[in-house]
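Structure assessment
Residues per chain, in single letters:
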Number of protein chains: 2
Amino acid sequence: MDMKIKIVDVATKAGVAPATVSRVLNDSSKVTPKTKAKVMKIINELGYQPNAAAKNLRSQKTMTIGVVVPDISNSYFSEVIKGIGNIAYSKKYKVVICDTENNAEKELEFLNLLTTRTIDGVIMVAPMLSNEIILNFADHEYSIGIVGRQIDHERIPCILTDNVKFSMQVISHLVGLGHREIAIINGSSHAVDSSNRLEGYLKALKEHQIPFHPELIENGDFNETGGYEAFKRLLAKKIRFSAVYSANDEMALGVYRACSEHGIQIPMQLAVVGVDNNRISKYLNPPLSTVNQPKYTMGALLVEKLIDMMNENEDAENRILKVESELLIRGSSDYKIKGRE
Amino acid sequence: MDMKIKIVDVATKAGVAPATVSRVLNDSSKVTPKTKAKVMKIINELGYQPNAAAKNLRSQKTMTIGVVVPDISNSYFSEVIKGIGNIAYSKKYKVVICDTENNAEKELEFLNLLTTRTIDGVIMVAPMLSNEIILNFADHEYSIGIVGRQIDHERIPCILTDNVKFSMQVISHLVGLGHREIAIINGSSHAVDSSNRLEGYLKALKEHQIPFHPELIENGDFNETGGYEAFKRLLAKKIRFSAVYSANDEMALGVYRACSEHGIQIPMQLAVVGVDNNRISKYLNPPLSTVNQPKYTMGALLVEKLIDMMNENEDAENRILKVESELLIRGSSDYKIKGRE
DNA sequence: ATGAAAGCGCTAACAT
DNA sequence: ATGTTAGCGCTTTCAT
């Protein structure tokens, strides 16, 4: 195998036309087993590898799907990516990953790969861009799928869990342990997830007839430092609370750090519950209670749907996929507090 | 902006030749500021986006670099990827990531993107494939860079830390705490890293005149379960040891789990030291002592070197980059044991 | 500084 | 079932 062997080289040596070689490679059904064998033999002898750019140009597709995530080192996203990757691979698609590092501009720029026809479709995981921008791309016939947010456009498949519902579950769990002053450390206020998680929090309080104190809400931007600082602000307010619902595990990490600095004991003095079932959460001391989402499955199901829709094998009917989440009760909230007063 | 605008559409509307539009986009120097402005205006009006496949085909390059890692959800690899991604991005290169999930075949298959000219070069992080195979690709003029292993070929840049050296440091640290029976849980025996880490272990023992017991060596395949099982095998042998050097943090996770099941207290009854400074390690209880490598920097430096070499801006002289690692002493080994005669 | 023309390597439409 | 022909959209000589 050497130098740039082209399809015509193979064709000549095999005594057939280039088109036949192409057929052998792409659509063997339309070719005699005998010719196929002959051609394959030459292909192997010559070590022929079709040029991807020429193929892409001619066929007007790249068999490549892009994936945009806010942070590749967060296990939530890497699990989703694994799900996408494996299914895509089984369907002969390549996957290009973009780690935006929480930068919305980078996210937007990545969508350019769609417009330059470098990729055939894109999956956005927990996107930062507004619905408006995303809808605009979909309107221009680009294929987009979303993990973790619902966007209403008939060409956009989405997969999500019910944030309101699991947040209510978390609060109910805490109430069941005797907590009545429950703080919430939420993510970036513009994120849809944040408002849904807050909504669930409020709904649950109402359901349990617990008065709502706005001072018990803080924002931690979905990262460790943010969680740490939000918790410190909570402490600084000198108001009483016995539990914290952290809208993701990363922020809960910050809560743990602050607690350790202030000598606050989890779960005896403070119950903590996170969201995501981050790889780290079960190794914490105490292990962190959290909400698990089927991350791998979410990636897998969505990419399958997207590919189907791109190839129009699929009606756009059930394009909103919902999956169940599960509250994992671990050491950080496994403690029933006494009634006080 | 709509439908497929081509370079000729822009050219016509701007009253110039397609070649001029191409020059504006790629090599503005050779075009009058006035023409350039005129063309740019039309480009924006029409929302023209050059077709990547056509560009790749004609220019014989894709401005894309592939990265292969064994496991994207391991923070060691995701940090390396971040380093690669950011530098590549700043040099106008795209990055395609492949998560092999420890599958050597998938690794090999990914290299096919090189032969089909889908990517211009590839970076292999802790590759599983043999030197022989990798060298063969390099011999065929493909651009390959390696993170975490040294391969001797003048066209292959490599970046690494000194595994022997830091392993000796780890053992010396443990010896300094009074340990003399030190077990090692190593990675897959065919990995170069494993043999280097073992070499360092043996060298350090010799240096400290500590007798070597082959029963104190076990293999844990670089993953949590492997570490768990290796440690159980160690226990089953009923030989005495007071410290374990785990060749990575993942396996140390397994050691922690086994210890907790067997009521073994770290660091009082057993000192543990890992390698990688995995994100999880500092959150363990007790925090895990480990060897930190400058992962982000390693990715960044290597991709820079690779790009330089691809564009022949760089002599192949100093193609072996060495970076320093650092032993982080944390709770899991921060305990001086009594001399017992 | 700009234009005209050729061609990168493949696949698809049409012809046989 | 296979061959012939044309062309995907761009960049790059070579002219001017």
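Residues numbered from 1 in each chain as written. Chains lettered and ligands numbered in written order. Predicted model: local features only at pLDDT ≥ 70, side-chain atom pairs only at ≥ 80, totals over all residues. Heavy atoms only, no water.

- Chain A has the name Catabolite control protein A in an unreviewed UniProt entry, where Paenibacillus marchantiophytorum is given as its organism.

**Some words on the interface of chain B and chain A**
- In this assembly, 45 residues from chain B lie in contact with 45 residues from chain A.
- Summing both partners gives a buried area of about 4,000 Å² for chain B against chain A, and 56% of it is carried by carbon and sulfur.
- The tally of links from chain B across to chain A stands at eight salt bridges.
- Between A:Arg279 and B:Glu250 there is a salt bridge, with its nearest N and O atoms 2.8 Å apart.
- Residue assignment for the side of chain B that touches chain A shows that the elements contributing at least two residues are α4 (52–59), α5 (75–90), β2 (94–99), α6 (104–115) and α11 (249–262) of chain B.
- Per element, the largest residue contribution to the side of chain B that touches chain A is six residues, and it comes from α5(B). (Contact = heavy atoms within 4.5 Å. Buried area = accessible area lost by both parts, 1.4 Å probe. Salt bridge = Lys/Arg side-chain N within 4 Å of Asp/Glu carboxyl O. Helix = DSSP H or I, 4+ residues; strand = E, 2+ residues; numbered from the N terminus.)

**Overview of the sheet that holds strand β11 (residues 320–322) of chain B**
All names here are of chain B.
- Across the sheet, six strands lie side by side as β2-β1-β3-β4-β5-β11; this open sheet has parallel pairing. Two strands lie at the open edges of the sheet, namely β2 and β11, each paired on one side alone. Pairwise comparison of adjacent strand axes, ignoring direction, gives a mean angle of 15° for this sheet.
- Sheet topology places strand β4 (residues 143–147) next to strand β5 (residues 158–160); two bridges connect them, and they run parallel. Pairing of Val 147 across the sheet is with Ile 159, part of β5. (Pairing = 2+ DSSP bridges. Axes fitted to C-alpha atoms, helices over the stretch in contact; angles between N-to-C directions.)

**Details of the relation of the copies chain B and chain A**
- Of the transformation placing chain B onto chain A, the axial shift is 0.1 Å and the rotation is 180°, giving an RMSD of 0.1 Å. Such a combination of turn and shift is consistent with a two-fold rotation axis.
- Most of the interface of chain B is mirrored in chain A: 100% of its interface residues are interface residues there too. (Least-squares fit on C-alpha atoms with pLDDT ≥ 70 in both.)

**Observations concerning the protein's contact with DNA strand D**
- Surveying the vicinity of DNA strand D reveals 25 residues, the closest of which are A:Arg23, A:Arg58, B:Ile7, B:Tyr48 and B:Arg58.
- In DNA strand D, the atoms that sit within 4 Å of the protein are 64% sugar and phosphate, with bases accounting for the remainder.
- A distance of 2.6 Å separates a phosphate oxygen of DNA strand D from a polar side-chain atom of B:Tyr48.
- Elements represented by at least two residues in the surface near DNA strand D include exactly α2 (18–26) and α4 (52–59) of chain A together with α2 (18–26) and α4 of chain B. (Near = heavy atom within 4 Å. Polar contact = N/O pair within 3.5 Å; in protein donor to acceptor, adjacent residues only side chain to side chain.)

**Brief notes about the protein's contact with DNA strand C**
- A:Ile7, A:Tyr48, B:Thr20, B:Arg23 and B:Thr35 are the nearest of the 25 residues found near DNA strand C.
- For DNA strand C, the fraction of atoms within 4 Å of the protein that belong to sugar or phosphate moieties is 64%.
- Within the side chain of B:Arg23, a nitrogen or oxygen atom sits 2.6 Å from a base oxygen of DNA strand C.
- B:Thr32 places a polar side-chain atom, nitrogen or oxygen, 2.7 Å from a sugar or linking oxygen of DNA strand C.
- Among the elements of the structure, α2 and α4 of chain A together with α2 and α4 of chain B are those that each provide at least two residues to the surface near DNA strand C.
- Among the elements that take part in the surface near DNA strand C, α2(A) stands out by supplying four residues, more than any other.
- Residues of the surface near DNA strand C, tallied by class, amount to 10 nonpolar, eight polar and seven charged. (Nonpolar A, V, L, I, M, F, W, Y, C, P; charged D, E, K, R; others polar.)

**Some details on the environment of B:Ile42**
Residue and element names in this part refer to chain B.
- Mapping Ile 42 onto the fold places it in helix α3 (residues 33–46).
- When the C-alpha atoms of Ile 42 and Ala 11 are compared, they prove to be 8.6 Å apart, with 31 residues separating the residues in sequence.
- Sequence-distant contacts of Ile 42, that is, excluding residues within four places in its chain, are made with Val 10, Lys 13 and Ala 14.

**Brief notes about helix α12 (residues 295–310) of chain B**
Residue and element names in this part refer to chain B.
- Over its 16 residues, α12 extends 23 Å from the first C-alpha to the last, a length consistent with the 22 Å expected when each residue adds 1.5 Å.
- Burial of α12 is extensive: 12 of the 16 residues sit out of reach of the surface.
- All of the buried residues along α12 are Lys 295, Met 298, Gly 299, Ala 300, Leu 302, Val 303, Lys 305, Leu 306, Ile 307, Asp 308, Met 309 and Met 310.
- Looking at the residues trailing α12, positive phi occurs at Glu 312, about 50°. (Expected span 1.5 Å × (residues − 1). Buried < 20%, exposed > 50% of the residue type's maximum accessible area, 1.4 Å probe, protein only.)

**Structural notes on the packing of helix α10 (residues 224–236) of chain B against α11(B)**
Residue and element names in this part refer to chain B.
- One can describe the packing of α10 onto α11 by two numbers: an axis separation of 6 Å at closest approach and a directional angle of 50°. Relative to α11, α10 is oriented oblique. Considering the relative orientation of α10 and α11, their crossing is right-handed. Here Glu 224, Thr 225, Gly 227, Tyr 228, Phe 231, Lys 232 and Leu 235 of α10 lie close against α11, whose contacting residues are Glu 250, Met 251, Leu 253, Gly 254, Val 255, Arg 257, Ala 258, Cys 259, Glu 261 and His 262.
- The residue inventory of the contact of α10 with α11, partitioned by class, reads eight nonpolar, four polar and five charged. (Parallel < 35°, antiparallel > 145°, perpendicular 65-115°, else oblique. Left-handed = near helix turned anticlockwise from the far one by under 90°.)

**A short note on the domain arrangement of chain A**
- For chain A, the assigned domains read domain 1 (7–57), domain 2 (61–161 + 295–310) and domain 3 (163–292).
- On a C-alpha basis, the centres of domain 1 of chain A and domain 3 of chain A stand 61 Å from each other. (Domains from an automatic or database assignment.)

**Focus on the pattern of salt bridges**
- Tallied over the full model, the rule gives 30 salt bridges over all chains.
- Between A:Lys82 and B:Glu101 there is a salt bridge, with its nearest N and O atoms 3.6 Å apart. Of this pair, A:Lys82 sits in helix α5 (residues 75–90) while B:Glu101 sits in the loop between β2 and α6, which puts the two residues in different chains.
- Where A:Arg240 meets A:Glu181, a salt bridge forms, and the shortest distance between an N and an O atom there is 3.6 Å. Here A:Arg240, found in the loop between α10 (224–236) and β8 (243–246), pairs with A:Glu181, found in the loop between α8 (163–176) and β6 (182–186); they are 59 residues apart in sequence, far enough to count as distant.
- Here the residues in one salt-bridge network are A:Asp71, A:Asp99, A:Glu101 and B:Lys82, joined through shared partners.

**With respect to the sheet that holds β6(A)**
Residues and elements named next belong to chain A.
- Sheet architecture is open: six strands sit in the order β7-β6-β8-β9-β10-β12, paired in mixed fashion. Each having just a single partner strand, β7 (217–219) and β12 (326–328) make up the two edges of the open sheet. Here the average twist between neighbouring strands, direction ignored, is 20°.
- Taken together, the three bridges between strand β9 (residues 271–275) and strand β10 (residues 289–292) define a ladder with parallel strand orientation. Its bridge partner lying in β10, Gly 274 is registered against Thr 290.

**Points about the environment of B:Leu25**
Residues and elements named next belong to chain B.
- Counting through the fold element by element, Leu 25 comes out in helix α2.
- As for Leu 25 and Val 39, which are separated by 14 residues in sequence, their C-alpha atoms are 9.4 Å apart.
- Not counting residues within four places of it along the chain, the set of residues in contact with Leu 25 comprises Ile 43 and Tyr 48.

**Comments concerning the nonpolar core**
- In this structure, A:Ile171, A:Phe231, B:Ile171 and B:Phe231 are the most contacted members of the largest nonpolar core, which totals 88 residues.
- Excluding residues that lie within four positions of it along the chain, A:Phe231 makes contacts with A:Ile185, A:Phe241, A:Val244, A:Val255, A:Ala258, A:Cys259, A:Ile264 and A:Leu270. (Core = buried A, V, L, I, M, F, W, Y, C linked by side-chain atoms within 4.5 Å.)

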